[in-house]
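Analysis of the macromolecular model
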Amino acid sequence: MKIGLGAVQFGLDYGIANTAGKVSEGEVAAILAAAAQLQLTLIDTAALYGDSEAVLGRAMSPAAAFDIVTKTPQFASSAVTEAEAQQLEDSLHASLRKLQRPAVYGLLIHRVDDLLLPGGEALMARMVLLKQRGLVSKIGVSVYTGQQIDAVLARFPIDLIQLPVNVLDQRLLHSGHLRKLKQAGVEIHARSAFLQGLLLMAPHELPAHFDGVREHLAAYHRFIAGQGLTPLQAALGFVTGLEEIDQVVCGVNSSVQLQEICAAAAHAAAGAARAGYDAFAISDEAIVNPALWQHAKGKS
């Protein structure tokens, strides 16, 4: 199964459809137990996800066989020097202490623009060194756009990338960037399969920010209903059905939610119809990029 566990909600109140807030540590333990039982292998976290790493470290058994991907902090400089490279290394060591792990599976540059700054080679060189030391198995970046992918591939040999793909945001599929990455031998982790829960919400429940696409989303819901699919099955079926995608990172608020996601993914793998989804792709950044939603959730 391609499902990976996203841990942002373990450290932050995150997601437009999240009404439960940050997940309690007791529920995190239940989620991890369910993940192990479901034979999920990947957990995605980050230094910037509040105390997510520390929560995971306390909740995971030392023997838990999870592949953990974490990410770097942001770097405030306009150019990268050895000081920022050392900050990256110090951050990884801090992450390992919090996670109570000797090493992690993946380390990603969280803000790809940091890597593309003057001197960004120093960050990648330090990541390569950390990989050589056995502290991380795969190194790479988290990206948003095809232009960022092109810029990274032109300068750096990466092993791993995280990027957004969902029914509304099909840009990297249609542009050929997923195929380009796979041809370069890069492992691809998809995030935002539910677009922070937007694809799972009834159109009439959406905030005013989405008024311009409310009918578009209503048409999508009618389409998937006609296919006999729930919103969860349809969203997962679309992304897991992309052969280039290796893992689909899904954030959850409960063990029950994780079980529902895995059941829906299994349904999708069993042959849920995927034809017709191209019609629902949107190129409007204000809709497909949650960073531009501002206060769509009604929170400051």
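Look up a bit, the structure's there.
Residues numbered from 1 in each chain as written. Predicted model: local features only at pLDDT ≥ 70, side-chain atom pairs only at ≥ 80, totals over all residues. Heavy atoms only, no water.

1. Things to note about the side chain of histidine 177
By the secondary structure assignment, histidine 177 is in helix H8 (residues 177–183). Within the local environment of histidine 177, its side chain forms a polar contact with the side chain of aspartate 150, the two groups lying 3.0 Å apart. With sequence-adjacent residues up to four places away left out, histidine 177 is seen in contact with Gly146, Ile149, Asp150 and Leu172. (Helix = DSSP H or I, 4+ residues; strand = E, 2+ residues; numbered from the N terminus. Polar contact = N/O pair within 3.5 Å; in protein donor to acceptor, adjacent residues only side chain to side chain. Contact = heavy atoms within 4.5 Å.)

2. Let's talk about helix H6 (residues 146–155)
Of all the positions in H6, only Gly146, Gln148, Ile149 and Val152 are classed as buried. Seen end-on, H6 carries its buried residues on one side only, within an arc spanning 155°. The exposed set on the far side of H6, more than 90 degrees from its buried face, consists of Gln147 and Ala154. In this structure, the buried residues of H6 make contact with helix H4 (112–115), strand S5 (136–142), strand S6 (160–164), helix H7 (171–174) and H8. (Buried < 20%, exposed > 50% of the residue type's maximum accessible area, 1.4 Å probe, protein only. Arc of directions from axis to C-beta.)

3. A look at helix H3 (residues 82–99)
Its 18 residues place the ends of H3 26 Å apart at the C-alpha level, agreeing with the 26 Å of an ideal helix rising 1.5 Å per residue. Those residues of H3 that are buried lie in contact with helix H2 (52–59), strand S3 (67–71), strand S4 (104–109) and helix H5 (121–132). Of the residues one or two after H3, glutamine 100 is the one with positive phi, at around 60°. (Expected span 1.5 Å × (residues − 1).)

4. So, unusual backbone geometry
Although it is not a glycine, glutamine 100 sits at a positive phi angle of roughly 60°. Along the chain, glutamine 100 falls in the loop between H3 and S4. Even without being a glycine, glutamine 196 presents a positive backbone phi close to 55°. Inspection of the secondary structure puts glutamine 196 in the loop between strand S7 (187–191) and helix H9 (214–226).

5. A word on the sheet that holds strand S8 (residues 247–251)
Two strands in a sheet stick together by hydrogen bonds in their backbones, pointing the same way (parallel) or opposite ways (antiparallel). Strand order in the closed barrel formed by eight strands is S1-S2-S3-S4-S5-S6-S7-S8, and the pairing between neighbours is parallel. Averaged over all pairs of adjacent strands, the angle between strand axes in this sheet comes to 30°, irrespective of strand direction. The strands touched by H5 within the sheet are S4 and S5, with S5 carrying the most contacts at an inclination of about 155°. (Pairing = 2+ DSSP bridges. Axes fitted to C-alpha atoms, helices over the stretch in contact; angles between N-to-C directions.)

6. Thoughts on the packing of aromatic side chains
Scanning the model with the defined rule gives five aromatic pairs in all. Aromatic side chains phenylalanine 210 and tryptophan 293 sit 5.0 Å apart centroid to centroid with 90° between the ring planes, which places their arrangement in the edge-to-face category. A residue pair is termed long-range when its members are at least 10 positions apart, and phenylalanine 210 in the loop between S7 and H9 and tryptophan 293 in the segment after helix H12 (285–288) qualify at 83 residues. Both residues of the pair, phenylalanine 210 and tryptophan 293, belong to the buried class. Taken together, a centroid distance of 5.2 Å and an interplanar angle of 45° make the contact between phenylalanine 223 and phenylalanine 280 tilted. With a gap of 57 residues between them, phenylalanine 223 in helix H9 and phenylalanine 280 in the loop between helix H11 (255–269) and H12 connect regions that are remote in the sequence. For phenylalanine 280, a relative accessible area of 9% gives the class buried. Members of the aromatic cluster, connected to one another through ring pairs, are Tyr220, Phe223, Phe238, Tyr277 and Phe280. One Lys or Arg, arginine 191, reaches over the ring of tyrosine 144 and ends 4.7 Å from the middle of that ring. (Phe/Tyr/Trp six-rings, centres within 6.5 Å; stacked < 30°, edge-to-face > 60°. Lys NZ or Arg CZ within 6 Å of the ring centre and 35° of its normal.)

7. Quick word on the environment of alanine 59
In this fold, alanine 59 is placed in helix H2. Separated by 54 residues in sequence, alanine 59 and leucine 5 place their C-alpha atoms 14 Å apart. Leaving out residues up to four positions away in the same chain, alanine 59 has contacts with Val28, Ala29 and Leu32.

8. Some points on the environment of threonine 41
Of note, threonine 41 is situated in the loop between helix H1 (25–37) and strand S2 (42–44). The partly exposed category is assigned to threonine 41, whose relative accessible area is 35%. A C-alpha to C-alpha distance of 9.2 Å links threonine 41 and lysine 2, two positions 39 residues apart in sequence. Other than its neighbours up to four places away in sequence, threonine 41 contacts Ala65, Phe66, Asp67 and Gln247.

Geometric values such as these leave the question of function open.
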